[in-house]
Amino acid sequence: MSDAHGHGHGHGHGHGHGDGSDMAEVLDLDAVVFGEYLADLVSWLPVAGSHREIVDLGAGTGVGTFALLDRFPDAHVTALDSSPAHLRRLQEKADGSGRAGQVDVLPCDLDGEQVPLGTPDLVWASASLHHLADPERMLRRLRDALAPGGLLVVVEIDGFPRFLPDDAPADSPGLEVRARAVADRRAAEHMPHRGGDFAPLFEATGFRIEAQRHDALEIEGSRSAAVGRYAFAGLSRLRDGIAADLSAEDRAALDRLVDPDGPGSVLRRDDLVVRTSRPAWAVRPTARD
């Protein structure tokens, strides 16, 4: 559910890894860093009673899957993602928590012709729609697949999060602002829907908005020991993805931040704050004619 990882859900550039393990680490850390927000978001959903069949669209390593099972303990979740490695991690978590019978993991291309949606009464799409080549087509599929009265929840991200004070590092003030601008510009070339307003698409594809929110989040490092590791993993992926577009000075400053043994590493900082914002919509299909 984070764009600290760059492209997300089976995409992006690793930092010395070829198997996506660093990406999985970022997704797992996202669940820890934003745990309180996620629990609040799931409790906010406009639902009555329990949901039995849930689809987690672009599930990654299960950030949403397990938050939903905490809210709906009797539910069954079908977790869909393009990365078999991430889904293996999700399955391991399900096995370890005694929920193996409540989770099915299905690797699939969400832009492909066959997406095994079933007939869910709740679909959770967190930081996944903006990765699709044609999110409008997926929304139409979801509208047709949802059970009567079913709910679609879309959570998106506004861009790469920030971690540092504006004057840090001191030898390259504004580094993170410039790096984020480069990352956002490159992401726009591949993911034009990231950061966009999905409300017009909901209306165009036959949904009505039942509830919406837009949260500006700030998580201080003192509140979570995982913030340093989250910043390190996110900035490492950022560095690998945009290094060629940075000035030599900014590249060197970013290298110092992601040097695990260096004195300037984010792992040694005590002033980190994760700053990001996330819009969310809960929508239902409009009545058919």
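Conventions we followed
- Residues numbered from 1 in each chain as written.
- Predicted model: local features only at pLDDT ≥ 70, side-chain atom pairs only at ≥ 80, totals over all residues.
- Heavy atoms only, no water.
- Helix = DSSP H or I, 4+ residues; strand = E, 2+ residues; numbered from the N terminus.
- Buried < 20%, exposed > 50% of the residue type's maximum accessible area, 1.4 Å probe, protein only.
- Contact = heavy atoms within 4.5 Å.
- Areas by Shrake-Rupley, 256 points an atom, 1.4 Å probe, with all protein chains shown as cover.
- Salt bridge = Lys/Arg side-chain N within 4 Å of Asp/Glu carboxyl O.
- Arc of directions from axis to C-beta.
- Pairing = 2+ DSSP bridges.
- Axes fitted to C-alpha atoms, helices over the stretch in contact; angles between N-to-C directions.
- Parallel < 35°, antiparallel > 145°, perpendicular 65-115°, else oblique.
- Left-handed = near helix turned anticlockwise from the far one by under 90°.
- Nonpolar A, V, L, I, M, F, W, Y, C, P; charged D, E, K, R; others polar.
- Right-handed = clockwise from strand over helix to strand, strands pointing away.
- Phe/Tyr/Trp six-rings, centres within 6.5 Å; stacked < 30°, edge-to-face > 60°.
- Lys NZ or Arg CZ within 6 Å of the ring centre and 35° of its normal.

## Some thoughts on the overall build of the protein chain
And then number 1: Of the regular secondary structure elements, the protein chain holds 9 helices and 7 strands.
And then number 2: Each of the 289 residues in the protein chain was classed as buried or not, and the buried ones make up 55%.
And then number 3: At a minimum sequence separation of 6, the contacts of the protein chain that also span at least 24 residues come to 79%.
And then number 4: Of the roughly 12300 Å² of accessible surface on the protein chain, a fraction of 49% belongs to carbon and sulfur atoms.

## Topic: the pattern of salt bridges
And then number 1: In total, this model carries 15 salt bridges according to the counting rule given.
And then number 2: One salt bridge connects D250 with R178, and the closest N-O pair in it is separated by 2.7 Å. Separated by 72 residues along the polypeptide, D250 in helix 9 (residues 248-257) and R178 in helix 6 (residues 175-190) bring together distant segments of the chain.
And then number 3: Residue R213 pairs with D215 through a salt bridge whose shortest N-O separation is 2.8 Å. The two residues R213 and D215 agree in class, both being buried.
And then number 4: Because the salt bridges share partners, they merge into one network encompassing D28, R89 and K93.

## Examining the side chain of D28
And then number 1: The topology assignment puts D28 in helix 1 (residues 21-33).
And then number 2: With a relative accessible area of 17%, D28 lands in the buried category.
And then number 3: Aside from chain neighbours lying at most four places away, what touches D28 is T61, R89 and K93.

## Focus: helix 9
And then number 1: If you check which residues of helix 9 are buried, you get D250, A253, L254 and L257. Projected down its long axis, helix 9 carries its buried residues within an arc of 100°, all on one side.
And then number 2: In this structure, the buried residues of helix 9 make contact with helix 6 and helix 8 (226-242).

## Brief notes about unusual backbone geometry
And then number 1: Here A127, not a glycine, exhibits a phi torsion of approximately 50°, which is positive.
And then number 2: We classify A127 as buried; its relative accessible area is 3%.

## Some thoughts on the sheet that holds strand 3 (residues 103-107)
And then number 1: Strand order across the open sheet formed by 7 strands is 3-2-1-4-5-7-6, with mixed pairing between neighbours. Every interior strand has two partners, whereas the edge strands, strand 3 and strand 6 (207-220), have only one. Adjacent strand axes in the sheet meet at a mean angle of 15° when their direction is disregarded.
And then number 2: Inspection of the sheet shows strand 1 (residues 53-57) paired to strand 4 (residues 122-126) by 3 bridges, in the parallel sense. Counterpart to D56 in the pairing with strand 4 is W124.
And then number 3: Helix 5 (residues 135-145) rests against strand 1, strand 4, strand 5 (151-155), strand 6 and strand 7 (273-285) of the sheet, and its axis sits at about 120° to strand 6.

## Concerning helix 5
An α-helix turns once every 3.6 residues. As a result, residues three or four positions apart point the same way.
And then number 1: Those residues of helix 5 not exposed but buried are P135, M138, L139, R141, L142, R143 and A145.
And then number 2: In this structure, the buried side of helix 5 is in contact with strand 1, strand 4, strand 5, helix 7 (199-204), strand 6 and strand 7.

## Quick look at the packing of helix 6 against helix 8
And then number 1: With their axes 10 Å apart at the nearest point, helix 6 and helix 8 run at an angle of 60° to one another. By the angle between their axes, helix 6 is oblique relative to helix 8. In this structure, helix 6 meets helix 8 at a crossing whose hand is left-handed. For the pair helix 6 and helix 8, contact is made by E176, A179, V182, A183 and R186 and by L235, L238, G241 and I242, respectively.
And then number 2: The class makeup of the residues in the contact of helix 6 with helix 8 is 6 nonpolar, 1 polar and 2 charged.

## Things to note about the pairing of strand 3
And then number 1: Bridge count for strand 2 (residues 76-81) against strand 3 is 5 bridges, and the pairing is parallel. Pairing of D81 across the sheet is with P107, part of strand 3.
And then number 2: Note on the crossover from strand 2 through helix 4 (residues 84-96) to strand 3: the handedness is right-handed.

## Some details on the packing of helix 8 against helix 9
And then number 1: Orientation of helix 8 relative to helix 9, taken along the N-to-C sense of each, is 150°, at an axis distance of 10 Å. Judged by the angle between their axes, helix 8 and helix 9 are roughly antiparallel. Here helix 8 runs over helix 9; the crossing is left-handed. Mapping the contact onto sequence places F232, L235 and R239 in helix 8 and R251, L254, D255 and L257 in helix 9.
And then number 2: Taken together, the residues of the contact of helix 8 with helix 9 break down into 4 nonpolar, no polar and 3 charged.

## Thoughts on the packing of aromatic side chains
And then number 1: On inspection of all chains with the given rule, the structure shows 6 aromatic pairs.
And then number 2: Measuring from centroid to centroid gives 6.3 Å for F160 and F163, while their planes differ by 80°, and the two rings are edge-to-face.
And then number 3: Residue classification places F163 among the buried positions, given a relative accessible area of 0%.
And then number 4: Following the ring pairs from residue to residue traces out a cluster consisting of F34, F160, F163 and Y230.
And then number 5: The ring of W44 is capped by R213, whose NZ or CZ atom sits 5.2 Å from the centre of that ring.
And then number 6: Over the ring of F34 we find R278; its NZ or CZ atom is 4.1 Å from the centre of that ring.

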